[in-house]
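Architecture at a glance
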Amino acid sequence: MRHLSYFLSFCLFYFFVIPHGKSSSISAVCVDIINQTCKTCADDSASFNYNFCLTSLQTVPVSHAANLQGLALVAMELALQNASNTVSSIKELLINTTSFDSFAFACLEDCMELYLGAVLTIVDSVGAFLSEHYINAKLWLSLVMEAVTTCEEGFAEKKGEVSPLTKKNHDLIQLCNTALCIIHLLTHAMPS
């Protein structure tokens, strides 16, 4: 997993980093690109979280020197990190079997399967994006969002059951939503 992260960082650096000639004006322009991208996405969708988008993208240093393609990759890399970290969290929860009843344990096992698939699907989405197969990238990100929603809804099938993954699920949906919106902006900005 770590190798993919380094690969994505290299891709961001190699393909999307703006030269560092005028650092103060470039920094202001890049922050404005992040801000404007998140604002445009929020204006286009009532369910889009502007603050989540802004804070997520700004946490990755390379995003401050990226264009839209770079921002999409940053969002997908963050989604991949989230999904990978959630797999680790679920493994830890499954080891501690005494904390959960059989229903919750079964839900966690389902979520593990869904998240393992989500990790692979995000990797496929990044590959499709880098190959400029934007429709496939968007489709696969949408499938990840559906898988995460399925994970969360599994716990809701039993009255009073609370998912220990709610925040992680929400964050992954928001990260995929951010990547989807940026890809949408890219595909609508491209000449036909």
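Analysis parameters
- Residues numbered from 1 in each chain as written.
- Predicted model: local features only at pLDDT ≥ 70, side-chain atom pairs only at ≥ 80, totals over all residues.
- Heavy atoms only, no water.
- pLDDT = per-residue confidence, 0-100.
- Contact = heavy atoms within 4.5 Å.
- Patch = residues over 30% accessible without salt bridge, like charges linked within 9 Å, V, L, I, M, F, W, Y side chains within 5 Å.
- Areas by Shrake-Rupley, 256 points an atom, 1.4 Å probe, with all protein chains shown as cover.
- Salt bridge = Lys/Arg side-chain N within 4 Å of Asp/Glu carboxyl O.
- Lys, Arg positive; Asp, Glu negative; His and termini not counted.
- Charge placed at Lys NZ, Arg CZ, Asp CG, Glu CD.
- Helix = DSSP H or I, 4+ residues; strand = E, 2+ residues; numbered from the N terminus.
- Buried < 20%, exposed > 50% of the residue type's maximum accessible area, 1.4 Å probe, protein only.
- Expected span 1.5 Å × (residues − 1).
- Polar contact = N/O pair within 3.5 Å; in protein donor to acceptor, adjacent residues only side chain to side chain.
- Disulfide = S-S within 2.5 Å.

If you look the chain up in an unreviewed UniProt entry, it shows as Pectinesterase inhibitor domain-containing protein from Castanea mollissima.

A separate point is the confidence of the model for the chain. Per-residue confidence for the chain gives a mean pLDDT of 86; residues scoring 70 or more make up 82%. Taken as a whole, residues 6-30 scores under 50 in pLDDT and shows 34 contacts with residues more than four places along the chain or in a different chain.

The next point concerns a negative patch on the surface. Residues E109, D110, E113, E153 and E157 make up a contiguous surface patch of negative charge. In terms of residue count, helix α5 (residues 102-130) provides more of the negative patch than any other element does, three residues in total. Note on placement: E153 falls in helix α6 (residues 134-156). Exposure remark for E153: the relative accessible area of 48% places this residue in the partly exposed category.

Quick look at helix α4 (residues 68-95) now. Compared with the 40 Å implied by 1.5 Å per residue over 28 residues, the 41 Å span of α4 between its first and last C-alpha is a close match. The opening residue of α4 is N67, an N-cap whose side-chain oxygen sits 3.1 Å from the backbone nitrogen of Q69.

With that settled, the discussion passes to the pattern of salt bridges. In the structure shown here, the tally under the stated rule is four salt bridges. Where D43 meets K39, a salt bridge forms, and the shortest distance between an N and an O atom there is 3.1 Å. Within this pair, D43 and its partner K39 are both found in helix α2 (residues 23-44), separated by four residues, close to a single helical turn. Taking the relative accessible area as the measure of exposure, D43 reaches 55% and is therefore exposed.

Turning next to unusual backbone geometry. Even without glycine at this site, E132 takes up a positive phi of about 60°. Here E132 falls in the exposed class, since its relative accessible area comes to 55%.

Right, let's get into the state of the cysteines. Per the stated rule, a full pass over the model turns up three disulfides. Through a disulfide, C38 is tied to C53; the S-S separation comes to 2.0 Å. Residues C38 and C53 are joined through a disulfide that is left-handed, its torsion about the S-S bond being -75°. In this pair, C38 is assigned in helix α2 and C53 in helix α3 (residues 50-58), connecting sequence segments 15 residues apart. The disulfide bridge from C111 ends at C151, spanning 2.1 Å between sulfur atoms. With the S-S bond torsion at 100°, the cross-link from C111 to C151 turns out right-handed. Taken as a pair, C111 in helix α5 and C151 in helix α6 lie far apart in primary sequence, 40 residues in all. Here C111 falls in the buried class, since its relative accessible area comes to 1%. A residue is classified by how much of its surface remains accessible, and C151, at 2% relative accessible area, is buried. No disulfide involves C107; its sulfur sits 6.6 Å from that of C111, the nearest cysteine. Residue class for C107 comes out buried when judged on its relative accessible area of 6%.

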